[in-house]
Amino acid sequence: MASSAAAPLVWLGAKSPGGLALPCAQPTPSQMYAPRGVWMDDEHFIVCDSGNHRVLIWNGMPVEDGQAADIVLGQADFYSEGPARGQGDFPNGLHLPTGVLVADGKLLIADAWHHRILVWNAVPTTSQTPPDYAIGQSDLLHVQPNRGVAASADGLYWPYGLAFVAGRLYVTDTGNRRVLVWSGIPPKDAPAEWVIGQPDFVSTGENRDGPIAANSFRWPHAVGGNEHQLWIADAGNHRVLGWEGPLLLDRPADRVLGQESMSDSREWPYDVQGERRLRFPYGLDVQRNCLAVADTANNRILFWKLPVEQVAFAQARDVVGQIDFAKFGENHWKAVTNQSLCWPYGICIHENHLAVADSGNNRVMIWDCGEIFSACDNICETKRSEAQPCA
């Protein structure tokens, strides 16, 4: 059964009379255009306002609809927009930032179309703070795919997602159809230590230039996990892959969600297996013994309790953004409300809160999902008492 326990709390970004969620023609401190990434912790709320090529930071959790951001990065001010580096003149510019996280006190931004991860050694407290260095480029002045040469351990091509799991940095190097891994947050210009989804650091073939398999990707787009398991959203194959234990070797996945088997990449019809299927899952997060997946083209967030059942095609337990598992429409095929979604991308869980970059509605929504997460915790405690493995 789908859960009705989740409650929308705060609406950040576009909000217009008549039920349309449209951005302003000019950016403001409180408007967004197609945001794709979001992060929150006890001190910061951070959004990749992707369409405006900037990052917005709130000091603490926003508590009011339309609350203005405190800090902007990637633009000269809150009212400027457009990609920089070769197409603009702002020296600290961004080009479609998508992924964001804070780890070991550092802020990391996946500056996807500049083919790099930008690193601030501390979360900025003022606007226009320049990054300290880049991962994937030799310096902050270069932005070519794979550094302008062939793929390698120190180049990137459209890095859309990133996560810090069990002391390791994982980057979904989407254009190279692989995931790169570093132990800790790497220093400037450090090459990746491991590659997942390709046999080596120079190969870049879609599904390893062969049929879809348990160790291949089409568009790896998001990653998350904990010390017990890792999950990667393989959006182009309409699935999420899961591995038991830390993932340090290029090895086949142990679990698949969204498909009946590891060799399937079917884009499921709208009216079939609604609690099991995925269409272009672009985001995920793992917290509180719960896996949440942004099922982007179905305009919803699905939840699996961890550990996921050891069966093929495991069904989700809860849904946010649709009234049940059978529905899939953008904003329920009606006017936008605080309980509807349109092409959700990045998501983040912190304590009882779920933040969703609701890209098609040009906003970020914050939900109270405490009952969903508590149910995950309760299932986990039951499994511990029965001496079963638990995430």
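For the structure itself, consult the block above.
Residues numbered from 1 in each chain as written. Predicted model: local features only at pLDDT ≥ 70, side-chain atom pairs only at ≥ 80, totals over all residues. Heavy atoms only, no water.

### What to know about the overall build of the chain
Phase 1 of the analysis: Scanning the chain from N- to C-terminus turns up 1 helix and 24 strands.
Phase 2 of the analysis: A total of 391 residues make up the chain; the buried ones form 58% of that total.
Phase 3 of the analysis: Within the chain, counting contacts between residues at least 6 apart in sequence, those at least 24 apart form 48% of the total.
Phase 4 of the analysis: Surface accessibility of the chain: about 14,700 Å² in total, with carbon and sulfur atoms responsible for 50%. (Helix = DSSP H or I, 4+ residues; strand = E, 2+ residues; numbered from the N terminus. Buried < 20%, exposed > 50% of the residue type's maximum accessible area, 1.4 Å probe, protein only. Contact = heavy atoms within 4.5 Å. Areas by Shrake-Rupley, 256 points an atom, 1.4 Å probe, with all protein chains shown as cover.)

### Examining the pattern of salt bridges
Phase 1 of the analysis: In this structure the tally under the stated criterion is 17 salt bridges.
Phase 2 of the analysis: The salt bridge partner of arginine 255 is glutamate 244, with a shortest N-O separation of 3.4 Å. Here arginine 255 is found in strand E17 (residues 255-257), whereas its partner glutamate 244 is found in strand E16 (residues 239-244), with 11 residues between them in sequence.
Phase 3 of the analysis: Several salt bridges converge on common partners, so that one network encompasses Arg147, Asp154 and Asp189. (Salt bridge = Lys/Arg side-chain N within 4 Å of Asp/Glu carboxyl O.)

### Structural notes on the state of the cysteines
Phase 1 of the analysis: Overall, the coordinates contain 0 disulfides when judged by the stated rule.
Phase 2 of the analysis: Between cysteine 48, a free cysteine, and cysteine 348, which holds the nearest cysteine sulfur, the sulfur-to-sulfur gap is 11 Å.
Phase 3 of the analysis: Between cysteine 290, a cysteine without a disulfide, and cysteine 376, which holds the nearest cysteine sulfur, the sulfur-to-sulfur distance is 3.2 Å.
Phase 4 of the analysis: You can call cysteine 290 buried: its relative accessible area is 0%. (Disulfide = S-S within 2.5 Å.)

### Some details on the packing of aromatic side chains
Phase 1 of the analysis: Across all of its chains, the model carries 8 aromatic pairs by this definition.
Phase 2 of the analysis: Ring centres of tryptophan 219 and phenylalanine 280 lie 6.0 Å apart, and the angle between their planes is 20°; on these two criteria the pair is classed as stacked. Linking tryptophan 219 in the loop between strand E13 (194-196) and strand E14 (220-225) with phenylalanine 280 in the loop between E17 and strand E18 (281-287), this pair joins segments that are 61 residues apart in sequence.
Phase 3 of the analysis: In this structure tryptophan 219 comes out as partly exposed when scored by relative accessible area, which is 27%.
Phase 4 of the analysis: By way of ring pairs, the aromatic residues Trp219, Phe280, Tyr282 and Tyr345 are connected into one cluster. (Phe/Tyr/Trp six-rings, centres within 6.5 Å; stacked < 30°, edge-to-face > 60°.)

### Some words on the nonpolar core
Phase 1 of the analysis: Core analysis: the largest hydrophobic core is formed by 22 residues, its most contacted members being Ile301, Phe303, Val320, Leu354, Trp367, Cys369 and Phe373.
Phase 2 of the analysis: Going through the elements one at a time, strand E19 (290-295), strand E20 (300-305), strand E22 (344-350), strand E23 (353-358), strand E24 (363-368) and helix H1 (370-385) are the ones with two or more residues in this core.
Phase 3 of the analysis: Contact partners of phenylalanine 303, with chain neighbours within four places excluded, come to Cys290, Leu291, Ala292, Ala316, Arg317, Asp318, Val319, Val320, Leu354, Cys369, Ile372 and Phe373. (Core = buried A, V, L, I, M, F, W, Y, C linked by side-chain atoms within 4.5 Å.)

### Points about the sheet that holds E14
Phase 1 of the analysis: With antiparallel pairing, 4 strands are arranged side by side in an open sheet as E14-E15-E16-E17. In this open sheet, the two strands that pair with only one neighbour each are E14 and E17. On average, adjacent strands in this sheet sit at an angle of 20° to one another, irrespective of strand direction. (Pairing = 2+ DSSP bridges. Axes fitted to C-alpha atoms, helices over the stretch in contact; angles between N-to-C directions.)

### Brief notes about the side chain of histidine 53
Phase 1 of the analysis: Here histidine 53 is to be found in the loop between strand E3 (44-49) and strand E4 (54-59).
Phase 2 of the analysis: A polar atom in the side chain of histidine 53 sits 3.0 Å from the backbone nitrogen of leucine 96.
Phase 3 of the analysis: For histidine 53, the contacting residues outside a window of four places in its chain are Gly74, Gln75, Gly82, Pro83, Leu94, His95, Leu96 and Pro97. (Polar contact = N/O pair within 3.5 Å; in protein donor to acceptor, adjacent residues only side chain to side chain.)

### Side note on unusual backbone geometry
Note: most peptide bonds trans; most residues except glycine with negative phi.
Phase 1 of the analysis: Here the bond from leucine 306 into proline 307 is cis, since omega is 0°, no more than 30 degrees from zero.
Phase 2 of the analysis: Locating proline 307 in the fold gives a position in the loop between E20 and strand E21 (318-320).
Phase 3 of the analysis: Even without glycine at this site, leucine 96 takes up a positive phi of about 55°.
Phase 4 of the analysis: Take leucine 96: its relative accessible area is 11%, and that puts it in the buried class.
Phase 5 of the analysis: The backbone phi angle of aspartate 189 is positive, close to 65°, even though this residue is not glycine.

### Details of the pairing of strand E2 (residues 37-40)
Phase 1 of the analysis: Judged from the 4 bridges that link them, E2 and E3 form a sheet pairing that is antiparallel. When the sheet's bridge partners are listed, tryptophan 39 is paired in E3 with isoleucine 46.
Phase 2 of the analysis: A loop of 3 residues connects E2 with E3, the two strands running antiparallel in sequence.

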